[in-house]
Amino acid sequence: MFTVPHHGRQFLFMALALIVQLSKGYAQSGSRLPCDPEAATRIIAHRTPVPIVIDGRLDEAAWKGAVVSPRFVDLISGKPTRFDTRVRLLWDDDQLYVAFQVEEPAVRAHLTAHNDPIYSENDVELFIAGDDAYYEFEINARNTVYEVFFIWERAYASGGFAANPEFARSRLSGFNGVGFHDHPRGPRLGQFNWRFPGLRTAVHVDGTLNDDANRDRGWTVEIALPWRGMEWLGL
C-alpha cells in the first residue's frame, strides 16, 4: 500500500485496489481506512500540462514521465504478486488520471454489460474514499465497468445525502461488505445505478483476448475522473 501526496489530497493504495483518500483527518488515530496510511509508501502524482488522450495506451510523454508505483502485493500474504501490476497517476485542473499496467500471459474477459459482476474475472479496482461515502470502480480487459457509490448509513442524514433525490432511500440497497458481518463503521447503503459524472475509460490488450494459442504480454487501462464528479465525496 502507498499514498500519493497531490494538490492537498492524499491517495492511498492497497494491494490490487486504489483508494483515494479525500478526508483531511485521515492521518489521525482511528483512521476510517482499512489500513494505516502512515505505514504506506508515498509516490508523487505529477500535473500534466496537456489533457491525456484516453485510448488505453500509455505512450504519451506525460505517462512516460509519471512516477510508477511499486509492484502490487498479494492482499493476504503481503508478498509480490506472481505477475507484475503497477499504477501511475496524473492530474490537471479538471481531472484525475489513473493508469494501470497489468502483466497477464493469458488475458481473458467475457462480461460486457455495465455493472456485470466483473469481479468474478480478472480486473483492476479503484476506490475513492471520502469522510461519509466512497466510490468503487472496477474494470476488466474488455473495458467493462462496474461502479457503485456507497454511503455509510450513520452519515446518510448528517452528510446531506437524504436530501438529494439521487440518493433517495428507495434507490439504495443495504450492503455489509464481502465477507464482513460487522464493519467498524456499521452498515452502508449502495447506489448501484450511480454513474460517475464524465467518467472515461479505455483498455489496450497487448496480445489476443480470450485466445490461449499464444502468450500475451498483458493489458493497460486509462481512466479519467473529473474532479466535479467527486462532489459527494467531500471534494
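Now for a look at the structure at hand. Computed from a predicted structure; not experimentally measured. Sequence order as written defines residue numbering, which begins from 1 separately in each chain. Side-chain atom pairs in this predicted model are given and counted only at pLDDT of 80 or more, local residue features only at pLDDT of at least 70, and totals for whole chains, interfaces and linings cover all residues. To obtain the side-chain values, all non-hydrogen atoms of the structure were included, while hydrogens and water were left out.

Focus on the overall build of the chain
We count it as follows: Strands here mean DSSP runs of E at least two residues long; helices mean DSSP runs of H or I at least four residues long; both are numbered from the N terminus. Categorising residues by exposure relies on relative accessible area from a 1.4 Å probe, with only protein chains included: less than 20% of the type maximum marks a residue as buried, more than 50% marks it as exposed, and the intermediate range marks it as partly exposed. In this description, contact between two residues means that some pair of their heavy atoms is separated by no more than 4.5 Å. Surface accessibility in these figures is a Shrake-Rupley result with a 1.4 Å probe; residues are shielded only by whichever protein chains are displayed.
When helices and strands are counted, the chain shows one helix and 14 strands. Looking at the chain as a whole, 49% of its 235 residues qualify as buried. Sequence separation of at least 24 residues holds for 60% of the intrachain contacts in the chain that already meet a minimum separation of 6. Element-wise, carbon and sulfur atoms account for 50% of the exposed surface of the chain, whose accessible area totals about 11,600 Å².

Things to note about the nonpolar core
The tendency in soluble globular proteins is for nonpolar side chains to be buried as a group. Stated formally: The set of buried Ala, Val, Leu, Ile, Met, Phe, Trp, Tyr and Cys residues whose side-chain atoms join them within 4.5 Å is what this entry labels a nonpolar core.
In terms of nonpolar packing, the biggest core is built from 38 residues, with Phe-100, Trp-219 and Leu-225 touching the most fellow members. Secondary structure elements with two or more residues in this core: strand 6 (85-91), strand 7 (95-103), strand 8 (124-129), strand 9 (133-139), strand 10 (145-152), strand 13 (200-206) and strand 14 (218-226).

Details of the sheet that holds strand 13
Inclusion rule: In this analysis, strands are considered paired if DSSP registers two or more bridges between them.
Within the open sheet, the five strands sit side by side as 5-6-7-14-13. Their pairing is mixed. Strand pairing shows two members of the sheet lacking a second neighbour, strand 5 (46-47) and strand 13, which therefore form its edges. For strand 5 and strand 6, the ladder comprises two bridges, and the chain directions are parallel. Looking at the pairing, Arg-47 lines up with Trp-91 of strand 6.

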